[in-house]
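Commentary on secondary and tertiary structure
Now for the letters of each chain:
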Amino acid sequence: MRTHTVSISLSSFGADAVRRLGQASYLPLLAAAGARRVEWREELFDAAPDAATLASLAAEHGLQSLYSTPLELWREDGSLEPAIAQRLQLASEIGAVALKVSLGHYQDGCDLLALAPLLQHKTALYVENDQTPYGGQLQTLVKFFREAQAQGVAPGMTFDIGNWYWHDESPLLAAQLLGRWVRYVHCKAVARRADGRLVAVVPEDLDLAQWRELMTHFSPGLPRAIEYPLAGEDLLALTARQVAQLAELEGQVCHG
């Protein structure tokens, strides 16, 4: 079976552990488990990352890089976040294929053409659906991508399957409406705890079946990322199983 690029968001190993051990310490595990890409998480660095070191270490382990920042594209006043340009430069120095951001406060009056210089960068810009009420709802994201497309400045999209549940929205409907812009898929199953909170969990067979259906609305073979907890006594074996599972996930419509 054909396999596809699997990325691992380093947040999957637990924020406390990753901050304590350092993100780079997980690269041998990712490589041994068969991952092809590492998703660096800005919020898990204690200090500004050394781009050259990260680039060298990723290359040493045969891994692509993607850089994730918690920055939002649009500020509350509707202006473009000026720090995005600096993060794109940092991501480029790391050798990242893309910079992942959230949409933020997109609204009528936002100057979409201000995106044009960012899209000319050699590092791609991906906008993710997050869990915020102002930047993660389907209606807002569809409006943004359609209006950006009309002006010729649509970035790529990071489609986070699990985050739609925080808005009580259908991932399948979102895939149907946004699939043409999706360039990267964040995979996580979601469960509701006894206290009512939603949490990311390891996918089960039903989740995987639903993900296969979602994939039919995206371009074939898009990179997909693990963004759910990876923890266990044999962490390598667990991670390798999850990587192989996502690598072989083909889009096919489910019946029954």
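Procedures and definitions
Residues numbered from 1 in each chain as written. Predicted model: local features only at pLDDT ≥ 70, side-chain atom pairs only at ≥ 80, totals over all residues. Heavy atoms only, no water. Axes fitted to C-alpha atoms, helices over the stretch in contact; angles between N-to-C directions. Helix = DSSP H or I, 4+ residues; strand = E, 2+ residues; numbered from the N terminus. Parallel < 35°, antiparallel > 145°, perpendicular 65-115°, else oblique. Contact = heavy atoms within 4.5 Å. Nonpolar A, V, L, I, M, F, W, Y, C, P; charged D, E, K, R; others polar. Buried < 20%, exposed > 50% of the residue type's maximum accessible area, 1.4 Å probe, protein only. Pairing = 2+ DSSP bridges. Right-handed = clockwise from strand over helix to strand, strands pointing away. Phe/Tyr/Trp six-rings, centres within 6.5 Å; stacked < 30°, edge-to-face > 60°. Salt bridge = Lys/Arg side-chain N within 4 Å of Asp/Glu carboxyl O.

Per an unreviewed UniProt entry, the protein goes by Sugar phosphate isomerase/epimerase and derives from Pseudomonas maumuensis.

Packing of helix H3 (residues 51–60) against helix H4 (residues 83–94) leaves a shortest axis separation of 7 Å and a crossing angle of 40 degrees. Comparing their axes, H4 and H3 come out oblique. Contact residues: Ala51, Leu54 and Ala55 in H3; Leu90, Glu93 and Ile94 in H4. Residues belonging to the contact of H3 with H4 are distributed by class as follows: five nonpolar, no polar and one charged.

One non-glycine residue, aspartate 168, lies in positive phi territory at about 55 degrees. Counting through the fold element by element, aspartate 168 comes out in the loop between strand E6 (156–160) and helix H7 (171–178).

Moving on to the pairing of strand E2 (residues 37–41). Of all five residues in E2, five are buried, a share of seventy percent or more. Side-chain alternation along E2 places Arg37, Glu39 and Arg41 on one buried face and Val38 and Trp40 on a second face that is also buried. Pairing analysis gives three bridges linking strand E1 (residues 6–9) to E2, with the strands arranged parallel. Directly across from serine 7, in E2, lies its bridge partner arginine 37. Between the parallel pair E2 and strand E3 (residues 64–74), the chain is carried across by H3, and the sense of this crossover is right-handed.

Overall, the coordinates contain nine aromatic pairs when judged by the stated rule. Three or more aromatic residues joined by ring pairs form one cluster here, namely Trp74, Tyr106, Phe144, Phe145 and Trp181.

Moving on: the sheet that holds E6. Strand pairing in a sheet relies on backbone hydrogen bonds. The paired strands run either parallel or antiparallel. On the basis of which strands lie adjacent, the closed barrel formed by eight strands has the order E1-E2-E3-E4-E5-E6-E7-E10 and parallel pairing. Adjacent strand axes in the sheet meet at a mean angle of 30 degrees, parallel and antiparallel pairs treated alike. In this structure, E2 lies alongside E3, joined through five bridges in parallel fashion. Looking at E3, one finds that valine 38 is bridged to serine 65. Where H4 meets the sheet, its contacts fall on E2, E3, strand E4 (96–104) and strand E5 (124–128), and the angle it forms with E3 comes to roughly 175 degrees. Each of E3, E4, E5 and E6 touches helix H6 (residues 138–150); the most contacted strand, E4, lies at about 120 degrees to it.

So, on to the pattern of salt bridges. Taken as a whole and judged by the stated rule, the model has 10 salt bridges. One salt bridge in this structure joins lysine 143 and aspartate 108, with 3.0 Å as the shortest N-O distance. Note that lysine 143 is positioned in helix H6 and aspartate 108 in the loop between E4 and helix H5 (116–119), a separation of 35 residues in sequence. Taking the relative accessible area as the measure of exposure, lysine 143 reaches 32% and is therefore partly exposed. On the accessibility criterion, aspartate 108 (64% relative accessible area) is exposed. Salt-bridge contacts for lysine 143 lead to glutamate 147; the nearest nitrogen and oxygen are separated by 2.8 Å. Here lysine 143 pairs with glutamate 147, and both are found in helix H6, just four residues apart, close to one helical turn. A network of salt bridges, in which partner residues are shared, links Glu39, Arg41, Glu43, Asp160, Lys188 and Glu227.

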